[in-house]
Structures are given as structure tokens and as C-alpha cells.
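# Observations on chain architecture
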Amino acid sequence: MINPINTVKICHAFCKGFWKHLMTKGIEHPLHLVPIIFGSSVIGPSHEKKNIKCQDACCYELLNHGIGVIVVSDGLGSVKNSDIGATEAVNAAVNKIKEIFNTKGIEGAHLDNIVENAVFYARQILEQKADELQCNLQDLACTIIVVVIYQDTVSVGHIGDGAVVAKIKDKLKIISYPGESEYVNEVVPLTSKDWDKHLRISGSSEIECLAVFTDGCQKAGLKKMENIWKPYNGFFDPLFLYAKEIKNIKEAKQDIINLLISEKMSKNSEDDKTFVIAVLKN
Amino acid sequence: MTDLAKIIDIANPEESKVAVVLLLDNSGSMSENDKINQLNKGLKTFKEDIIENDLARKRVEVAIITFGDEVKIIHDFSSIEQFEPPYLKTDGLTPMGDAILKAFELIEERKEKYRKSGINYYRPWIFMITDGEPTDMEPGDKQWETIKKLVHIGEEEKKFLFFSVAVNPANMEILNELSLPDRPPVKLKITKFKELFKWLSDSLISVSSSKVGEQVALPSIGWAEISI
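Cut-offs and rules
- Residues numbered from 1 in each chain as written.
- Chains lettered and ligands numbered in written order.
- Predicted model: local features only at pLDDT ≥ 70, side-chain atom pairs only at ≥ 80, totals over all residues.
- Heavy atoms only, no water.
- Helix = DSSP H or I, 4+ residues; strand = E, 2+ residues; numbered from the N terminus.
- Rg over C-alpha atoms; globule rule 2.2 N^0.38 Å.
- Buried < 20%, exposed > 50% of the residue type's maximum accessible area, 1.4 Å probe, protein only.
- Contact = heavy atoms within 4.5 Å.
- Areas by Shrake-Rupley, 256 points an atom, 1.4 Å probe, with all protein chains shown as cover.
- Expected span 1.5 Å × (residues − 1).
- Axes fitted to C-alpha atoms, helices over the stretch in contact; angles between N-to-C directions.
- Parallel < 35°, antiparallel > 145°, perpendicular 65-115°, else oblique.
- Left-handed = near helix turned anticlockwise from the far one by under 90°.
- Nonpolar A, V, L, I, M, F, W, Y, C, P; charged D, E, K, R; others polar.
- Pairing = 2+ DSSP bridges.

### Some details on the overall build of chain B
Within chain B, the secondary structure is distributed over 7 helices and 6 strands. Reading chain B from its N terminus to its C terminus gives the helix and strand order α-β-α-α-β-β-α-β-α-β-α-β-α. Over its C-alpha atoms chain B spans a radius of gyration of 18 Å, differing by no more than 12% from the 17 Å that the globule rule assigns to 228 residues. Across the 228 residues of chain B, 54% fall into the buried class. Taking the contacts inside chain B whose residues are at least 6 apart along the sequence as the reference set, 74% of them involve residues at least 24 apart. Of the roughly 10,000 Å² that chain B leaves accessible, carbon and sulfur atoms contribute 47%.

### Focus: helix α6 (residues 233-244) of chain A
For α6(A), built from 12 residues, the straight-helix expectation of 16 Å at 1.5 Å per residue is met to within 8% by its first-to-last C-alpha distance of 16 Å. For α6(A), every residue scored as buried is listed here: A:Phe235, A:Phe236, A:Pro238, A:Leu239, A:Phe240, A:Tyr242 and A:Ala243.

### Some words on the packing of helix α3 (residues 82-104) of chain A against helix α4 (residues 111-133) of chain A
Residue and element names in this part refer to chain A. Where α3 contacts α4, the axes come no closer than 8 Å and their chain directions differ by 135 degrees. Classified by the angle between their axes, α3 and α4 sit oblique to one another. In this structure, α3 meets α4 at a crossing whose hand is right-handed. For the pair α3 and α4, contact is made by Ile84, Gly85, Glu88, Ala89, Ala92, Ala93, Lys96, Ile97, Ile100 and Phe101 and by Leu111, Ile114, Asn117, Ala118, Tyr121, Ala122, Ile125, Leu126, Lys129 and Leu133, respectively. Among the residues forming the contact of α3 with α4, the class breakdown is 15 nonpolar, 2 polar and 3 charged.

### Quick notes on the sheet that holds strand β2 (residues 60-67) of chain B
All names here are of chain B. Here we have 6 strands laid out as an open sheet, ordered β3-β2-β1-β4-β5-β6, and mixed in their pairing. The strands lining the two open edges of the sheet, one partner per strand, are β3 (71-79) and β6 (186-188). Mean inter-strand twist for the sheet, computed between neighbouring axes without regard to direction, equals 20 degrees. Packing of helix α4 (residues 96-117) onto the sheet brings it into contact with β1 (18-25), β2, β3, β4 (125-130) and β5 (161-167), and relative to β2 it is tilted by some 155 degrees. Seen against the sheet, helix α7 (residues 193-208) touches β1, β2, β4, β5 and β6 and runs at an angle of roughly 175 degrees to β4.

### Describing the side chain of A:Asp83
Secondary-structure assignment places A:Asp83 in helix α3. Excluding its chain neighbours within four sequence positions, the residues that come into contact with A:Asp83 are A:Lys53, A:Cys54 and A:Gln55.

### Details of unusual backbone geometry
Note that the residue after B:Asn168, namely B:Pro169, is joined by a cis bond; omega there is 10 degrees. By secondary structure assignment, the location of B:Pro169 is in the loop between β5 and α6 (172-178). In this structure, A:Gln134 is a non-glycine residue whose phi angle is positive, near 55 degrees. Summarising the element assignment, A:Gln134 is placed in the loop between α4 and β4 (144-150).

### Observations concerning the sheet that holds strand β5 (residues 153-159) of chain A
Residue and element names in this part refer to chain A. Here we have 5 strands laid out as an open sheet, ordered β2-β3-β4-β5-β8, and antiparallel in their pairing. Single-partner strands in this sheet number two, and they are β2 (56-62) and β8 (200-204). Between one strand and the next, the sheet's axes are offset by a mean angle of 10 degrees, whatever the strand orientation. In terms of strand pairing, strand β3 (residues 67-74) meets β4 through 6 bridges, oriented antiparallel. Bridge pairing links Val71 to Val146 in β4.

The analysis is restricted to geometry; functional conclusions fall outside its scope.
What follows is the structure, encoded as C-alpha cells:
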């Protein structure tokens, strides 16, 4: 489904340049303006023990007109350069989205097309990187979730596991599900041959809050009963409630980092973890 | 600062599981050359090794089916801590076909249980040790075709991993035909049961600690007569 946003009245007054100006003056992101985005990637205990780099990566930015972009990626297991793959993929996707909005503006923009383009571009950049490093494309294997937010509407482009969960009218909803695989150690990455067949585009509106996360947080936030994924209220409700009330975005980011490296989360998954929250409505 | 770990609950605190069915030949011929005693000792080694590893202890689940006088589930799936290595006795023929069929059923039931309970799982293992040839089927008959198809399709569709280990004087030709070309049967040196079970526990330890997308390299086989 295409999300036509060209008919939506642009009501956001601030732009990235203005926000950057505030930041350089040491002024925090104005929290009365949405979306508010914060989160991080952290290394998992198993990689820390083995002295392996964090293979998760995330990048998020606020663009003009109150557009928010979040991209997360999970570099695959023992693949030697998957940390590079994940970092390259998130940066490429964010850059592509910025380029599209910079050249075409928001008028006539279709969020679904934009996230799709961003995923295609990330794949292209990985191919170039593999040539540059003279390694196999598979050595850069990673998943990707690209999220574009405009007002209370989002579009998601997704390959692999991890998920996007949103709060809509006081109910939790999975906007983008983990890719289907029977076994816990299997996934189709962005670098696979038939990656484009596995690209899933989804979207939703009337969103209050959303969370974008990699596989390392999947067991904490989702339950799979009778083959159906369900978001877990015990996990998301307190986090979304907290997100709506934050006073300082730097502290909020640190709170997320502390959560991800906590014993409770580490015990649940020894993998690297990425968790990014966006508040779309105050 | 807010301690978010204190305010959240975890959706799925269960460990992911790797299920292994040991399919063990306890036909009369296994009493020769101390084979059954070595097999019994090997089962104890297997438990001791798995239990020593923190992750594997929580993740490996084992079941045992014997085939000799009859096909019998002598130990249904349990955690390794609840697994009491049995003392196997020998008797009877080699109803390998029915035993493999039973292993398929057990694996499918276990997967269904995992799915219903929302437990993540790895691809299950069927690990067969035999010193003979099937007495309930032969190449070309209906049972043979059914079993061979189940093994081959099961492997191709990634329903399980099927390993077969041949102890002298097992019929290698038949086992070769039953197995997939890229996972052929391996002939065990008669005195290397302990090493065989050590390899099995090390392999399961590697698998149970693997993460998404990880290609698991199994340890090299030091217990085989011929390295394949």
C-alpha cells in the first residue's frame, strides 16, 4: 500500500537547520516538538567475551518538516565483516532518504517508495563495499529495518528479523514482523541472492509511539504463540509511558543503553541489541 | 535517570532449545566386542560434557529410542539435567526403519510443543548408531522407499539433521543409500565410542550457542575409521 502524504497539510514549523542551530547553542531538542527519537545499539555479552565488535548498528535523524528517520541493522553471527555491513547499510539508507527529501521535498513524496529506495540503495552500497574490501558480499551480511515517520504515519522497509511495534489508540500493534524462519539461528539477510523477494514494506497511521529493534530484543518484547507473533504489554507499555514523559533526550538515550546492557536483558539474549523509540504524539 | 530494567517484564524468558534424538541399535550383535558397554559409557560422557557447559545445559534436550528386540522410546525428551543415562541391554534384530519413523514422530511432536509454548528452537538432530543392517526393510520395498524419502526430504526441507554412525560390521552400502550424499554415514573405530560422544556433545555445544545467521562449524571427526 502506498502512503500518499502529499495531501497532508504540513504543520511542522521547525526544520533541521533550526534544530541544528539550537543544538550548537547547547540547547536540547525541543521536546514539545515531535517526533522525539532516542535509542542505541550495544554489544552483547557473548561478543564482549570473545572480543568481537558490536555487529548491530543504528542511525536516526530528524529532517525538515518534522520527518523522522530510523534505520537499524543486525550484522550476522560469525560473518567476518558484518559489523561493517551493518554500519554501511544504516548510513546508506539514511543518506538516501535525506537526498530524496532534499531534492524532491515533501510534496508528492510517497513514504513507501522512499523506504523501498533506501533499502535498494543500502544493498547497492554493500555491493560497492564488498568490491572495495575485496571480500564476498556475504561477508557483509546484515538485516535492515528502515522507518520513515511523518506526523502520525510511518512506512517501514524490512529484510530479516527484528521488528517494529507501535502504540495505536492505546493498543500495541506489530507494524513489521520478524522475517519468517523456523529455526532460531536462521535469517535471510540483505546480502542474500533473492533479497528483493524478502523485502517487506508496511505502514500504519495514528501512531502515538513506536519501537524499532533488532533480534537481540525480540525475545524480550515479542511472544510467538501458535506461530503468531504478539507484542508484550509488560515490556512495551512501561517503555512507551516512560518515553512520553522524558525531560532530557541524552539521559533517555543513556537509560536505553543501561536497559540493553542490564542483567535482565543480557540473561534473555547474549546477542548485540538495538532499541530505538520514537514518540509521534505528545 | 530511570532504571528501565526494573519497570519492564520479559515476554519470553525461555531458553531456545536444540532437540536431539539418539537412535541406538541394541540388537543382539551389539553385545559382541564390548560394543554395548562402550555405548553405555559413552552416554554418561555425553551427559557430563553437556552439563558442564552453561548454555548447552539450558538448551540441549535429549531423547533416546532403541531398536533391537523392539523399537522403544526409553527416554522421552527432557533437559540434560533430567536425563539419566540408561544401561542398555542387547537382544533381537535390527528394526531400523520403524525406529527412524519413531524418531521423526518424536521430533515433530517436540517442535509442535515448542511452537505452542512460544519457545524458539534450533534445527533438531537425529543421531543413529548401528552395527547392522535393517531387518524390517530392504532396498526396493515399500518401507525402505518410505523411510529413505522421509530422510531425504526431511534433510532437504531442513526439518532435521540426520547423522548415521556405523559400527563394524554395519552394512555401509545400505547406510550410504539411506543418507544424503553431503552427510554420509561415518564408520566408527571400534574403541572410539567415548570420542564419538565427546564429538556429539562438543557439536551440540557449538550449535546451542550459535546466533542468527551463524554457520556452525562442527568439530573435526577424530573417531572415524575413514574421514569423510
